[in-house]
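Coordinate inspection notes
Listed below are the residues making up each chain.
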Amino acid sequence: MINIIIFKKSKKVKIWTKELRLLDPAAFKPDMILELDDEILIIEFQSTKVGNRHHRRFHVYVAITDYNVENHEKEVNLCVFTTAEESKLITYHVNSYNDFKYEVISLSDYDSEEIIDIVNYKINMMKEILEKN
């Protein structure tokens, strides 16, 4: 039983360090990352309801972005735009010390086709995306 140094009781110990190194950060590619005045915002577009596999993937996006952006003082946040559910705040319980929170914004609250058309046009034309059209 491991209990001497880490104060944890367990009959079995499996070391995962090598397995974690094999995770390929390139496989985790968010839909869009925006640097705003006060934050770095990761945006995901979702056509299905978010669940545990999404929470975990989104959590990795935030961690990788936070790790890769050097010398930033901004928060790294994530927002999901969806056509599949209501707007809400998600709290994904990581462990006893950490909760990962992000917003889900329902495009049904807005004219989603118009928003998508405007954003796609501006991206294709390399124009600035502002608060107003």
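Here is a short report on the structure shown in this document. (Residues numbered from 1 in each chain as written. Predicted model: local features only at pLDDT ≥ 70, side-chain atom pairs only at ≥ 80, totals over all residues. Heavy atoms only, no water.)

Side note on the overall build of the chain
How we decide: Comment: elements are numbered from the N terminus, with helices defined as DSSP H or I runs of at least four residues and strands as E runs of at least two. Exposure is judged per residue with a 1.4 Å probe applied to protein chains only, and the accessible area is read against the type maximum: over 50% gives exposed, under 20% gives buried, and values in between give partly exposed. Contacts: residue pairs with any heavy atoms within 4.5 Å of one another.
Each helix and strand in the chain was counted, giving three helices and five strands. Moving toward the C terminus, one meets the helices and strands of the chain in the order α-β-β-α-β-β-β-α. Buried residues in the chain amount to 24% of all 133 residues. Sequence separation of at least 24 residues holds for 48% of the intrachain contacts in the chain that already meet a minimum separation of 6.

Looking at helix α2 (residues 52-68)
For an α-helix the count is 3.6 residues per turn, leaving residues at separations of three or four pointing the same way. Definition in use: The span one expects for a helix is its residue count, reduced by one, times 1.5 Å. As used here, the arc belongs to the directions running from the helix axis to the C-beta atoms.
Between the first and last C-alpha of α2 there are 24 Å, a value that for 17 residues agrees with the 24 Å anticipated at 1.5 Å per step. Along α2, the residues that are buried comprise H54, H55, F58, Y61, V62 and T65. When α2 is viewed along its axis, its buried side chains cluster within an angular range of 120° and face the same direction. Facing away from the buried side of α2 by more than 90 degrees, the exposed set consists of R53, Y67 and N68. Turning to α2, the residues buried within the fold contact β1 (32-35), β2 (39-46), β3 (75-82), β4 (88-95) and β5 (98-106).

Structural notes on the nonpolar core
One broad trend across soluble globular proteins is that nonpolar side chains are buried collectively. The cut-off we apply is this: Definition of nonpolar core: a set of buried residues of the types Ala, Val, Leu, Ile, Met, Phe, Trp, Tyr and Cys, connected through side-chain atoms within 4.5 Å.
One finds V50, F58, L78, V80, F100 and Y102 to be the most contacted residues of the largest nonpolar core, which totals 14 residues. Looking at this core, the elements with two or more residues in it are β2, α2, β3, β4 and β5. Residues contacting F100, with those up to four places away along its chain left out, are H55, F58, H59, V62, L78, I90, T91, Y92 and V94. By size, the runner-up hydrophobic cluster in this structure holds five residues, among which are L41, I43, C79 and I105.

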